[in-house]
Amino acid sequence: MTNQRIPSARVLAALVLLLAGLLAAQASYVITSDNRRIEGTTIRATADGSIVLTTVRGDVTFSPGQFREAMADEPAEWKQAQSLVAAKKYDEAITLLQDVARRYRLLGWDVQAQRLLGRAQALKGDYPAAVTSYETLFRNNAASRSDPETLWSYRQILLEAKQFDKLSAMLNEVVAKGARPDAARAQTMRGDIKLVQNQVEGAAMDYLRTVVLFASERAQQPEALFKAGDALEKLRDPRAKQMFQKLVNEFPSSPEAQQARGRM
């Protein structure tokens with residue numbers, strides 16, 4: 001019988017890494033404009049906005065308009081960036097995310113990186129930079145403009161950045177034309193704008209409008225009731241305790257009710 005040489009542990013480890021790399025590379029794909037998914041091993045974007053996908057048959061180029069989506073394998077730096085944000089190492093995370101957004105332009109991860117970049121800048125307290133990052137995201141990725149979570153994060157950052165005119169225009173449109181849950185949330189945020197500007201009476205009125213006009217939107221009621229009570233308390237209005245009592249009675253397990261109990 002012919003002796004077979006058993007690979008060393010180091011060689012086996014290298015083979016495992018190589019196999020893992022090959023399997024990971026298969027994650028690259030393009031969704032064409034007619035909704036076909038084409039798999040590849042590597043992918044890149046060109047300066048003119050085309051996508052070049054390497055397949056088993058060679059390189060395939062998709063010009064702008066010929067594809068709906070292009071996705072590269074997850075960047076090695078992605079989990080590192082997430083860890084840096086979680087560890088509050090915002091400057092390091094921001095530098096890394098800016099690099100990922102640049103290198104993965106049009107390849108899916110630029111959108112993810114741009115979104116996390118805005119959050120990292122906001123957590124750092126650099127709200128003007130965060131606004132710019134979100135607006136770059138919206139400009140480069142139309143789908144992000146209709147993602148509720150992304151939009152509400154952006155609106156909150158506009159509030160923190162004190163860009164009240166831009167935010168007010170957005171909220172007015174949501175209240176007038178948006179779905180009821182979003183309209184209730186927008187009405188509450190109208191009050192937040194006034195409260196930041198020390199217009200406490202106006203803020204109280206906006207919170208009370210949410211309580212009364214959007215009573216059916218139960219998810220928004222605890223926040224609106226607490227903020228209404230808080231604003232009325234600042235005005236030394238006895239109705240503050242009524243708001244806190246209503247909050248505790250109707251939403252006893254909410255975080256806002258926990259805060260309200262000591263103020264009734």
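Enquirer: Where do I start with the confidence of the model for the protein in this structure?
Expert: The predicted coordinates should not be examined in detail at positions where pLDDT is low. Looking at the protein as a whole, the pLDDT averages 91, with 90% of positions reaching at least 70. Within the model, the stretch residues 1-7 combines pLDDT values under 50 with one contact to residues more than four positions away or in other chains. Confidence over residues 11-26 falls short of pLDDT 50; this stretch has eight contacts with residues more than four positions distant or in other chains.

Enquirer: Help me out: how do you make sense of the environment of Ser-63 in this one?
Expert: In this structure, Ser-63 sits in the loop between β5 (58-62) and β6 (67-71). Sequence separation between Ser-63 and Ile-51 is 12 residues, and the spatial gap between their C-alpha atoms is 6.5 Å.

Enquirer: So what exactly am I meant to see when it comes to the layout of surface pockets here?
Expert: Rolled over the atoms, a probe with the dimensions of a water molecule shows which regions are left empty. In this model, the largest pocket occupies a volume close to 330 Å³. Mapped onto the lining of the largest pocket, the elements with two or more residues apiece are β6 and α4 (109-124). Considering each element in turn, the lining of the largest pocket owes the most residues, five residues, to β6. The residue inventory of the lining of the largest pocket, partitioned by class, reads eight nonpolar, four polar and three charged.

Enquirer: Help me out: how do you make sense of the packing of helix α2 (residues 78-86) against α4 in this one?
Expert: To describe two helices that pack against each other, one gives the angle between their axes and the distance between the axes. Following both chains from N to C, one finds α2 and α4 inclined at 15°, their axes separated by 11 Å at the closest point. As summarised for this structure, α2 and α4 are arranged roughly parallel, according to the angle between their axes. In this structure, α2 meets α4 at a crossing whose hand is left-handed. Mapping the contact onto sequence places Trp-78, Gln-82 and Val-85 in α2 and Trp-109, Gln-112, Ala-113, Leu-116, Ala-120 and Leu-123 in α4. Looking at the contact of α2 with α4 residue by residue, the class counts come to seven nonpolar, two polar and no charged.

Enquirer: Looking at this model, I keep getting lost on the packing of aromatic side chains. Mind explaining?
Expert: Enumeration according to the criterion identifies five aromatic pairs in this entry. A centroid spacing of 6.2 Å and a plane angle of 25° characterise the contact between Tyr-134 and Tyr-154, whose relative ring orientation is stacked. Here the residue Tyr-134 occupies a position in helix α5 (residues 127-140), and Tyr-154 occupies one in helix α6 (residues 148-160), the gap between them amounting to 20 residues. Given the relative accessible area of 5%, Tyr-154 is considered buried. When the ring of Phe-138 is compared with that of Tyr-154, the centres are 5.1 Å apart and the planes differ by 80°; the resulting orientation is edge-to-face.

Enquirer: Is there a simple way to explain the environment of Leu-247 in this structure?
Expert: Here Leu-247 is to be found in helix α11 (residues 239-250). Leu-247 sits in the buried class, given a relative accessible area of 0%. Setting aside chain neighbours within four positions, we find Leu-247 in contact with Pro-222, Leu-225, Phe-226, Pro-252, Ser-254, Glu-256, Ala-257 and Ala-260.

Enquirer: Sorry, what's going on with the sheet that holds strand β3 (residues 42-45) here?
Expert: Ordered in space as β3-β4-β5, the three strands form an open sheet in which the pairing is antiparallel. In the strand order of this sheet, the two ends are held by β3 and β5, each with one partner. When the angles between neighbouring strand axes are averaged without regard to direction, this sheet yields 20°. Strand direction decides the pairing type here: β3 and strand β4 (residues 51-55), joined by four bridges, are antiparallel. Considered in β4, the bridge of Thr-42 is made with Thr-54.

Reading the values: rules and limits
Residues numbered from 1 in each chain as written. Predicted model: local features only at pLDDT ≥ 70, side-chain atom pairs only at ≥ 80, totals over all residues. Heavy atoms only, no water. pLDDT = per-residue confidence, 0-100. Contact = heavy atoms within 4.5 Å. Helix = DSSP H or I, 4+ residues; strand = E, 2+ residues; numbered from the N terminus. 1 Å grid on protein atoms, 1.4 Å probe; cavity = no way out; pocket = protein on both sides within 12 Å on 5 of 7 lines; lining within 4 Å. Points joined across faces, edges and corners; volume = space filled by probe spheres on them. Nonpolar A, V, L, I, M, F, W, Y, C, P; charged D, E, K, R; others polar. Axes fitted to C-alpha atoms, helices over the stretch in contact; angles between N-to-C directions. Parallel < 35°, antiparallel > 145°, perpendicular 65-115°, else oblique. Left-handed = near helix turned anticlockwise from the far one by under 90°. Phe/Tyr/Trp six-rings, centres within 6.5 Å; stacked < 30°, edge-to-face > 60°. Buried < 20%, exposed > 50% of the residue type's maximum accessible area, 1.4 Å probe, protein only. Pairing = 2+ DSSP bridges.

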